[in-house]
Amino acid sequence: MSKKMKISVLTATYNRANKLKKLYESIVNNIDDSYEIEWLIMDDGSEDDTKNICTQFISKKGLTIKYYYQHNQGKMQAINNLVNYSTGDLIIECDSDDFFIDKSFFTIKQMYEQNKNRKDIYAFLFLKQDQNGNNMGQDFKSKENTMFDLYFKHGETGEKAIVFIADIRKKYTYELENNETFVTEARMYHKMDKNYKVICENKYIMVCEYQQDGYSKNINKQFIKNPYGYYKYFYEILKDMDTKHILFLKRLYVVKHFILFSYVTKQKCMGIAKNICDRLLITLMYVPGRIKSKHYKNVNLK
């Protein structure tokens, strides 16, 4: 008898006790005898009823749930810790304001079964929708790609649901800089892209309900609170990634933000980019970029 596929759902949460029930019920609704599920929750120092809510979920049986607690280390470190605790064949990170569509895990299982022997894949990408049923980005135009090429060369937009191959995911972490608590997930994806690809599927598996205090709603605050991680992110794009065929607006985005974060962190800016177009754009934008960066920093640090 063949071993059942196992999915590890990882959730970092902070003061979202009122949101966890919907996620819990969506996982329970996806329980099926043909695969296993474990839900790992990291409570990042919540001051609400999160622990009691999770204890109630655990007492209901039927779903393997493991609750952990850390004191305000941030979402990224919470996920790093949960990855170490996970035991599934697949890993999917699910925020507390997200939940799964019915039959989502069956869709994941089908994709896994079709590709489980491939050694060049690190994740499966699916679509996410908002609470109104709208695509949070756009349909995929290609079946296989890298995350970097999808977004920087093919103009992909919006959030996707990412299901990682666990053995590969465990080789990587969200790298945090200078005691910061957040870094864009894309920094890790780009490092994975150097050795592996992703498979894209135009099927919805997850719904996202944005919260007013969420990361995506407060991106400028995240920029200023975590500048060293963002500097390294844009630094690594310019230094390590193949930017030859990226879209001009994406190139402009990278250069503008690289100048901004080099200013905020007082790090080197010139002489980093390996692509001549990037070097030229940095030179042309350096002076106006520094002036604008000073204004941006003053406004957002008030």
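These figures come from a predicted structure and were not determined experimentally. (Residues numbered from 1 in each chain as written. Predicted model: local features only at pLDDT ≥ 70, side-chain atom pairs only at ≥ 80, totals over all residues. Heavy atoms only, no water.)

Quick notes on the overall build of the chain
Move 1: A count of helices and strands for the chain gives 11 helices and nine strands.
Move 2: By the compact-globule yardstick of 19 Å for 302 residues, the chain fits well, its C-alpha radius of gyration being 20 Å.
Move 3: By principal-axis analysis of the C-alpha atoms, the chain measures approximately 60 × 45 × 35 Å.
Move 4: In the chain, which comprises 302 residues, the share counted as buried stands at 54%.
Move 5: Look at the contacts in the chain between residues 6 or more apart in sequence, and 79% of them connect residues 24 or more apart.
Move 6: In the chain, the 48 positive side-chain charges and the 37 negative ones have mean positions that sit 6 Å from each other. (Helix = DSSP H or I, 4+ residues; strand = E, 2+ residues; numbered from the N terminus. Rg over C-alpha atoms; globule rule 2.2 N^0.38 Å. Buried < 20%, exposed > 50% of the residue type's maximum accessible area, 1.4 Å probe, protein only. Contact = heavy atoms within 4.5 Å. Lys, Arg positive; Asp, Glu negative; His and termini not counted. Charge placed at Lys NZ, Arg CZ, Asp CG, Glu CD.)

So, the pairing of strand β3 (residues 64-69)
Move 1: In terms of strand pairing, strand β2 (residues 35-43) meets β3 through six bridges, oriented parallel. Looking at β3, one finds that Leu-40 is bridged to Lys-66.
Move 2: Chirality of the crossover, the property in question, places the unit of β2, helix α2 (residues 50-59) and β3 among those that are right-handed. (Pairing = 2+ DSSP bridges. Right-handed = clockwise from strand over helix to strand, strands pointing away.)

Examining the packing of helix α9 (residues 227-240) against helix α10 (residues 248-265)
Relative placement of two packed helices is described by the angle separating their axes and the distance separating the axes.
Move 1: Contact geometry for α9 and α10: axes closest at 9 Å, N-to-C directions at 135°. Between α9 and α10, the angle is such that the two are oblique. Here α9 and α10 pass one another in a crossing that is left-handed. Each of Pro-227, Tyr-228, Tyr-230, Tyr-231, Phe-234, Tyr-235, Ile-237 and Leu-238 in α9 lies in contact with α10, whose residues at this interface are Tyr-253, Val-254, His-257, Phe-258, Phe-261, Ser-262, Val-264 and Thr-265.
Move 2: Here the contact of α9 with α10 is built from residues that sort into 13 nonpolar, three polar and no charged. (Axes fitted to C-alpha atoms, helices over the stretch in contact; angles between N-to-C directions. Parallel < 35°, antiparallel > 145°, perpendicular 65-115°, else oblique. Left-handed = near helix turned anticlockwise from the far one by under 90°. Nonpolar A, V, L, I, M, F, W, Y, C, P; charged D, E, K, R; others polar.)

Side note on the pairing of strand β9 (residues 197-208)
A regular strand carries its side chains on alternate faces of the sheet.
Move 1: In this sheet, β9 lies alongside strand β5 (residues 98-100) in antiparallel orientation, the contact comprising three bridges. By the bridge assignment, Phe-100 is partnered in β9 with Met-206.
Move 2: By the bridge criterion, eight bridges tie strand β6 (residues 121-130) to β9 in an arrangement that is parallel. Bridge pairing in β9 places Ile-121 opposite Lys-197.
Move 3: Two elements, strand β7 (residues 144-145) and β9, share two bridges in a ladder whose sense is antiparallel. Bridging across to β9, Asn-145 finds its partner in Val-198.

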